[in-house]
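Each chain, written out:
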Amino acid sequence: LESQNVVLQSLKNVESSVNGWLSNDSKWKQYKIVENEYLALHDDKTRNARTKDMRNITVHSLQDAKTKKLNVWKITAFLPCDPKTAIDLYALPEYHALYDDNNSMQKLQRFAVAIDSSCAQNDHIYDMKVAVTNSRLNGWIKPRLCVGVNCRRSDTCYIGTFVNANVLQKYRKQLLISETEYKYTQSKNLNLYFAAKPSSSCSTTMVEITYILQADQGGSLPKWAVDKGMVDQHMIAIFKQMTKYLNATKNKETKLATAISSNIMEAGHDSLKKKNEEDIKSGGGDEEDEGEDDVKSNDDEQEIANWVEIEKEDDEVITDID
């Protein structure tokens, strides 16, 4: 229970920090805006200034008073899905493996964390994640080990923070961290916040994401490498990767639906065609039967006529004898 309280307090600290940052809009500085070229907006006729900006991945930075050495990064962007799907894509490793076309992780595992019901709310799900990154920036950033504890709050928010060295050492084997991985420099997500809410600016299903991350990547990295690795190769990249994955999934569903519809129509056509053929065949059989009856009737009439002629001849013969 003591360990649980430590976890819960750590996550409360994250929430407190994030709420403080979000309440001070004037202190955020715009860092860059990048277009998400993979985000399709189909409602061209009703598009306004707001929807035109939905392709923008907007990055802001903030100087945290407590940790002046490390910037706080915030991204606002849109994804073509509902809030639950967005949280799933970010929180669950099985989805990350599907869209991570940059091969950023050599390992990403999730471990469920049981929290006593007296301490946790019903709609909160806790976990620990172990990530081992691949080297980036042509080797400037070496592989890193990142171990964090997280909380999923309903289907609208996911927050997290790093696990300190003592806890990491205590649970290393349970978290399946090898000796080699344990020797990597530890990258620490000091504060992590990923929130999703439905957007009313677009007629199609769209969700607005606010992603805040403050992390210490460890080691003696120059600031430009930290910023490049954090912002461009992770925070911006992940939105483009998710969008491409969602587009591909939607295309597959559309093709599947089209194929099913086509098969149903084809099956219906084949059934109708078969029925028509059977009806024609059945009708043709009746005509043939009627024809046979006509032939039989004619034959009978001819046979009767022949007998009449025979009887006449017989009468004539008899008469001649008399």
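Conventions adopted
- Residues numbered from 1 in each chain as written.
- Predicted model: local features only at pLDDT ≥ 70, side-chain atom pairs only at ≥ 80, totals over all residues.
- Heavy atoms only, no water.
- Salt bridge = Lys/Arg side-chain N within 4 Å of Asp/Glu carboxyl O.
- Helix = DSSP H or I, 4+ residues; strand = E, 2+ residues; numbered from the N terminus.
- Buried < 20%, exposed > 50% of the residue type's maximum accessible area, 1.4 Å probe, protein only.
- 1 Å grid on protein atoms, 1.4 Å probe; cavity = no way out; pocket = protein on both sides within 12 Å on 5 of 7 lines; lining within 4 Å.
- Points joined across faces, edges and corners; volume = space filled by probe spheres on them.
- Nonpolar A, V, L, I, M, F, W, Y, C, P; charged D, E, K, R; others polar.
- Polar contact = N/O pair within 3.5 Å; in protein donor to acceptor, adjacent residues only side chain to side chain.

Draft legend 1. Highlighting the pattern of salt bridges. One pass over the structure, following the stated rule, counts 10 salt bridges. Across the pair Glu 181 and Lys 107 runs a salt bridge, and its minimum N-O distance is 2.9 Å. A residue pair is termed long-range when its members are at least 10 positions apart, and Glu 181 in helix α6 (residues 179–182) and Lys 107 in strand β4 (residues 105–113) qualify at 74 residues. Here Glu 181 and Lys 107 have matching classes, each one buried. Linked through salt bridges whose partners overlap, the residues forming this network are Lys 84, Asp 88, Arg 152 and Asp 155.

Draft legend 2. Spatial organisation of the layout of surface pockets. The space that makes up the largest pocket amounts to roughly 680 Å³. Counting only elements with at least two residues in the lining of the largest pocket, the list comes to α1 (2–22), β4, β7 (157–162), α5 (165–170) and β9 (188–198). Looking at the lining of the largest pocket, the element that brings in the most residues is α1, giving eight residues. Split by residue class, the lining of the largest pocket holds 16 nonpolar, eight polar and two charged.

Draft legend 3. Inspection of helix α3 (residues 83–91) at higher detail. The buried count for α3 comes to seven of nine residues, which makes it a mostly enclosed element. The backbone nitrogen of Lys 84 lies 3.1 Å from a side-chain oxygen of the residue at the head of α3, namely Asp 82.

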